[in-house]
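A closer look at the structure
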Amino acid sequence: MRKAATTSTKVSDHILRRLREWGVEHVFAYPGDGINGLLAAWGRADDDPRFIQSRHEEMSAFQAVGYAKFSGRVGVCAATSGPGAIHLLNGLYDAKLDHVPVVAIVGQTDRSAMGGSYQQEVDLLSLYKDVASDFCEMVTVPEQLPNVLDRALRTAIARRTVTAVIVPADVQQLDYSPPEHAFKMVPSSLGMPHYAPVPDDEDLRRAADVLNSCGKIALLIGQGARHARTEVMAVADRLGAGVAKALLGKDALDDDLPYVTGAIGLLGTRPSYEMMRECDGLLVIGSSFPYSQFLPEFGQARAVQIDIDPHMVGLRYPFEVNLVGDAARTLRRLLPLLEQVEDPAWRTKIEDNVTRWWEVMDRRAAVDADPINPEQVTHALNDVLPENVILSADSGSAANWYARHLKLRGAMRGSLSGTLATMGPGVPYAIGAKFAHGDRPAIALVGDGAMQMNGMAELITVAKYWREWEDPRLIVAVFNNQDLNQVTWEMRAMSGAPQFLPSQALPDVGYADFARSIGLAGVRVEKPEQVAGAWETALVADRPCVLDFVTDPAVPPIPPHATLEQIEAAVASVLKGDSDRGAMVRQGFKAKIQDFLPGNRHGESGR
């Protein structure tokens with residue numbers, strides 16, 4: 001009697017099965033013949049884990065980063081050999097530099113063709129050597145799995161970094177056979193244990209001695225403090241300190257706390273800048289904020305750092321004590337060793353500065369512009385932010401308004417490309433967020449440059465998938481000023497150069513029209529009185545919505561240390577170089593410039 005034919009398990013089948021065993025639910029990917037074996041396996045696996053198709057491999061990587069940032073889980077992306085693998089790189093570097101766990105699975109030409117200058121043959125091991133420096137391996141025989149895939153996932157999660165698994169096309173098609181109990185075979189096992197390191201008791205005592213010796217302490221927190229909210233508040237109260245936040249830690253502590261000074265750095269606030277100039281003690285928690293010029297002068301403050309990664313301590317500032325450990329557990333052990341500050345003067349000064357700052361923000365958002373002040377657009381969003389919103393911001397002047405105007409609190413989440421500061425992740429981050437939390441609204445704040453670069457194409461991805469989300473709201477707010485605005489202002493501020501139109505000017509595009517053409521909602525907003533209503537309309541829409549805000553490019557993204565003289569010089573450059581573009585600079589703008597100055601109150605000059 002003839003036996004029934006059996007279907008063998010291929011290497012590609014095992015990859016998907018192993019991903020399922022790790023709990024991976026989505027793979028953000030784009031197809032190509034270098035992963036045809038995987039695509040066939042996806043068909044046999046009934047699309048489990050889910051294949052999420054972007055418009056471009058770079059967007060797949062960004063979506064994996066957004067998914068990982070907002071879910072707390074590993075993000076997985078996949079692409080074909082050659083150009084597909086190359087396209088992933090920018091998004092993968094975004095993950096690497098922001099310490100986000102992402103695994104890239106990429107195809108390669110057949111083993112028999114390697115070294116033969118074959119079509120789409122790229123030396124991927126060399127190409128990925130830097131971005132996936134912690135773990136990058138090519139599978140050449142079936143027995144390497146599951147070890148290679150397990151190590152890629154485990155390393156990405158443990159070290160919060162990028163790892164890569166390269167699988168030649170012919171290997172994907174081989175019958176899978178597990179490693180044997182034999183010489184030079186490497187078995188493997190599933191899972192990543194949860195652990196939270198804490199510093200030694202002696203190191204904690206040394207840190208407490210440093211902090212107890214200071215009278216005016218500043219805290220700087222980053223994304224590593226996100227799960228230590230209660231502990232950060234307790235330590236800040238014990239030390240009578242103010243708390244500044246690196247951009248990646250914007251959602252780590254509520255912005256409406258009176259002693260939270262907000263963002264720090266070029267996109268930061270005046271209270272954060274003043275606090276760092278005057279403090280005599282510094283405690284940095286879960287942040288690798290890179291700009292030491294915005295920290296206290298060397299020798300001014302005694303400093304302690306807490307970070308879970310031993311490779312990231314001792315950077316940026318001459319810290320006296322470096323504590324390696326989980327932020328929450330370390331702070332809980334440190335708190336009993338800290339003395340209660342009795343003199344409220346330092347905290348009171350910080351709170352007064354914060355109150356003054358928000359008054360300045362109110363005034364800046366109310367300044368007339370032509371036609372709409374971009375600060376008004378973001379400031380107005382504060383009044384209607386859903387309590388469970390997830391926010392993304394793209395790089396550029398939109399990041400300034402996100403950093404300075406939005407008050408995140410409670411369960412609200414927000415992120416951007418912090419260290420790489422690349423253009424383009426705003427919309428794909430929001431898409432990744434929706435696959436992580438389909439029951440929560442997402443809002444992306446995006447400049448028109450980033451929108452033209454790739455955001456419009458990813459609206460097609462939104463149109464493809466939005467009906468699957470429990471909460472259909474994904475709002476893309478476009479700051480349409482027809483200018484690559486951040487670079488334009490950097491040119492003016494740094495070199496006094498006027499706008500160079502051939503490089504900076506952008507065409508006006510009907511972003512809302514395009515959204516409506518593919519079945520989404522879209523509203524073009526051209527008058528200041530329409531701003532609040534546009535946000536409300538988008539937040540009650542039954543589908544994703546694009547808000548096309550026509551904003552004034554002459555509103556400056558002023559750094560916190562700017563003086564009136566510096567801003568006037570930049571404005572003079574605008575008046576000199578752009579006089580033929582009347583829409584850019586109104587006659588009354590210079591007269592109102594003091595309202596834009598971070599240090600000003602009632603017209604007084606900032607220091």
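Read on for a plain summary of the structure.

**Notes on the environment of alanine 95**
Structurally, alanine 95 can be placed in helix H5 (residues 89–97). Judged by its relative accessible area of 0%, alanine 95 is buried. With 38 residues separating them in the primary sequence, alanine 95 and serine 133 have C-alpha atoms 13 Å apart. If we skip the residues at most four places from it in the chain, alanine 95 touches Val65, Val100, Val102 and Val162.

**Considering the packing of aromatic side chains**
In this structure the tally under the stated criterion is eleven aromatic pairs. When the ring of phenylalanine 289 is compared with that of tyrosine 291, the centres are 5.7 Å apart and the planes differ by 75°; the resulting orientation is edge-to-face. Through successive ring pairs, a cluster of aromatic residues spans Phe28, Tyr67, Phe435, Tyr465 and Trp469. Over the face of the ring belonging to tyrosine 259 we find arginine 347, whose NZ or CZ atom lies 4.0 Å from the ring centre. Note that lysine 407 overlies the ring of tryptophan 358, its terminal NZ or CZ placed 4.4 Å from the centroid.

**Considerations on the sheet that holds strand E6 (residues 162–168)**
One open sheet accounts for six strands, arranged E2-E1-E3-E4-E6-E5; its pairing is parallel. The two strands at the open ends of the sheet, each matched to only one other strand, are strand E2 (50–53) and strand E5 (136–138). Adjacent strand axes in the sheet meet at a mean angle of 25°, parallel and antiparallel pairs treated alike. Pairing of strand E1 (residues 26–29) with E2 involves four bridges; the strand directions are parallel.

**Structural notes on the nonpolar core**
Grouped together as the largest cluster of nonpolar side chains are 53 residues, with contacts concentrated most on Leu88, Leu92, Val102, Tyr128, Met451 and Val476. Here valine 102 is in contact with Ala64, Val65, Val74, Gly75, Cys77, Leu92, Ala95, Ala156, Thr161, Val162 and Thr163, once residues within four sequence places are set aside. Among the nonpolar cores identified, the runner-up in size contains 38 residues, and Leu267, Ala393, Ala477 and Leu539 belong to it.

Definitions and limits used
- Residues numbered from 1 in each chain as written.
- Predicted model: local features only at pLDDT ≥ 70, side-chain atom pairs only at ≥ 80, totals over all residues.
- Heavy atoms only, no water.
- Helix = DSSP H or I, 4+ residues; strand = E, 2+ residues; numbered from the N terminus.
- Buried < 20%, exposed > 50% of the residue type's maximum accessible area, 1.4 Å probe, protein only.
- Contact = heavy atoms within 4.5 Å.
- Phe/Tyr/Trp six-rings, centres within 6.5 Å; stacked < 30°, edge-to-face > 60°.
- Lys NZ or Arg CZ within 6 Å of the ring centre and 35° of its normal.
- Pairing = 2+ DSSP bridges.
- Axes fitted to C-alpha atoms, helices over the stretch in contact; angles between N-to-C directions.
- Core = buried A, V, L, I, M, F, W, Y, C linked by side-chain atoms within 4.5 Å.

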